[in-house]
Amino acid sequence: MKEFIKVMKALSDPNRVKVIKLLQRRVLCVCEIQAALGLEQSSVSKHLKILEEAGLIRFSKDGLWVNYHLADGAK
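Keep in mind the model is a prediction, meaning the values are calculated, not measured. (Residues numbered from 1 in each chain as written. Predicted model: local features only at pLDDT ≥ 70, side-chain atom pairs only at ≥ 80, totals over all residues. Heavy atoms only, no water.)

Student: Go over the sheet that holds strand β1 (residues 28–29) with me, naming the residues and quoting the values.
Tutor: Strand pairing in a sheet takes place through backbone hydrogen bonds and is either antiparallel or parallel in direction. Taken together, three strands build an open sheet; the order of strands is β1-β3-β2 and the sheet is antiparallel. In this open sheet, the two strands that pair with only one neighbour each are β1 and β2 (57–62). Inspection of the sheet shows β2 paired to strand β3 (residues 65–70) by six bridges, in the antiparallel sense. Pairing of Lys 61 across the sheet is with Val 66, part of β3. Each of β2 and β3 touches helix α4 (residues 41–53); the most contacted strand, β2, lies at about 115° to it. (Pairing = 2+ DSSP bridges. Helix = DSSP H or I, 4+ residues; strand = E, 2+ residues; numbered from the N terminus. Contact = heavy atoms within 4.5 Å. Axes fitted to C-alpha atoms, helices over the stretch in contact; angles between N-to-C directions.)

So this is what it looks like as structure tokens:
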């Protein structure tokens, strides 16, 4: 039940739902998410951290770039 509540809390913010919708289309870096949402980089990073902690998204590093994608549901 705790995991379910964590996911629901993560999805309670409209900007985090928008991030999920963006990542349904393709893998994105922070700067692309920032441009799409019109938010500061620090705000986007906080949203991404909450979504990651809820197990909804994952990231991979490519040199200096950090790319985000939807999690596949496996833990």
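Alright, that's what it looks like, and here's the rest.
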